[in-house]
Structures are given as structure tokens and as C-alpha cells.
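# Structural overview
Listed here are the chains, written in short residue letters.
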Amino acid sequence: MPRGPDHDADDLRSGLWWLNIAAEAQGRGYGRFAVDAVCQEVRARRGDRAYVTWEPGAGGPAGFYLRLGFRPTGEESGGQTVGVRSLSGRGQDAARPAVDPSARSEALHP
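About the criteria used
- Residues numbered from 1 in each chain as written.
- Predicted model: local features only at pLDDT ≥ 70, side-chain atom pairs only at ≥ 80, totals over all residues.
- Heavy atoms only, no water.
- Phe/Tyr/Trp six-rings, centres within 6.5 Å; stacked < 30°, edge-to-face > 60°.
- Helix = DSSP H or I, 4+ residues; strand = E, 2+ residues; numbered from the N terminus.
- Buried < 20%, exposed > 50% of the residue type's maximum accessible area, 1.4 Å probe, protein only.
- Contact = heavy atoms within 4.5 Å.
- Core = buried A, V, L, I, M, F, W, Y, C linked by side-chain atoms within 4.5 Å.
- Pairing = 2+ DSSP bridges.
- Axes fitted to C-alpha atoms, helices over the stretch in contact; angles between N-to-C directions.
- Polar contact = N/O pair within 3.5 Å; in protein donor to acceptor, adjacent residues only side chain to side chain.

In the structure shown here, the tally under the stated rule is 3 aromatic pairs. Between Trp54 and Tyr65, the ring centres sit 5.6 Å apart and the planes meet at 15°, which makes this aromatic pair stacked. Linking Trp54 in strand 2 (residues 49–54) with Tyr65 in helix 2 (residues 62–67), this pair joins segments that are 11 residues apart in sequence. Residue Tyr65 is classed as buried on the basis of its relative accessible area of 3%. With a centroid separation of 5.8 Å and 90° between ring planes, the pair formed by Tyr65 and Phe70 is classed as edge-to-face. With respect to class, Tyr65 is no different from Phe70; both count as buried. An aromatic cluster is built from Trp54, Phe64, Tyr65 and Phe70, whose rings are joined through pairwise contacts.

Next comes the structure, spelled out in C-alpha cells:
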């Protein structure tokens, strides 16, 4: 994610920069599964925040990411909204279980 020359070099970011789910497959849990898997991997690597970018505007995925606990940072990257989700175990994310692929088998294998 491009940042200005005055950015903190220690501010390393992990997450999703683009996620596409085909329109006919949306609402089946694929996107949530992918986001949760990435967040679990970031946690496993001792990260405490996951980042994502999305196209702003009507019909965009902002609502999806907000429901998953991401909040806009106030930054933009290439015209995309930058969002962050805390993985520290406090608040909404503390109640979110770790990704269990077997629990998603119905959604992933209709």
C-alpha cells in the first residue's frame, strides 16, 4: 500500500487488498471464510491488526467489511478506502471464533 515519505517504516501491514466473490456465490460464506482465514494467519504471525481496501460508493463492499469489524482509517490507497480490524482479542473480535473449515463445509460445498 503506497504511503508518503513520512510514514512510519515500522508500520507493517497485513491483510486483504482485493477480494472478489462472484455475484452468484455471494451470501454463501465464502467472503467471510476468506477474511477470517487471513485474520487468523495475521494473528498466527503475531499481528494485532488486519487491513483491507474497498471501492467506496453504492453497491460496494463497505457494508460487508464493516459487519466483519473493519473500520475506515481515514486513509485512501489508489482511490480505495483503507479499513482496519483489531485482532487484539478485545471487543467484537474477542467473540469471533477461529476459522474452522469443517464448520464452513456446507457453505463451501453447496
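Picking up after the structure, the text goes on.
Note that Val38 resides in helix 1 (residues 30–44). Overall, Val38 belongs to the partly exposed group, its relative accessible area being 24%. C-alpha separation for the pair Val38 and Ser14, spaced 24 residues apart in sequence, amounts to 8.7 Å. Once you skip the residues sitting within four places of it in the chain, Val38 turns out to touch Gly15 and Leu16.

On to the nonpolar core. Counting 11 residues, the largest nonpolar core consists of Leu16, Val35, Cys39, Val42, Ala50, Val52, Trp54, Tyr65, Leu68, Phe70 and Leu87. Put simply, the parts of the chain that give this core at least two residues each are helix 1 and strand 2. If we skip the residues at most four places from it in the chain, Cys39 touches Ala50, Phe70, Arg85 and Leu87.

Of note in this structure, Arg46 is not a glycine but carries a positive phi near 70°. One can find Arg46 in the loop between helix 1 and strand 2.

Within a sheet, each strand pairs with its neighbour through backbone hydrogen bonds, oriented either parallel or antiparallel. Here we have 4 strands laid out as an open sheet, ordered 1-2-4-3, and mixed in their pairing. In this open sheet, the two strands that pair with only one neighbour each are strand 1 (15–16) and strand 3 (71–77). Along the sheet, helix 1 contacts strand 1, strand 2 and strand 4 (80–86); its crossing angle with strand 4, the most-contacted strand, is approximately 60°.

With respect to the helices and strands, the residue Gln80 is situated in strand 4. For Gln80, a relative accessible area of 10% puts it in the buried group. Through-space distance from the C-alpha of Gln80 to that of Pro56 is 6.5 Å; in sequence the pair is 24 residues apart. With residues up to four places along the chain from it excluded, the contact list for Gln80 reads Trp18, Thr53, Trp54, Glu55, Pro56 and Glu75. A polar contact of 2.6 Å, which involves the side chain of Gln80, links it to the side chain of Glu55.

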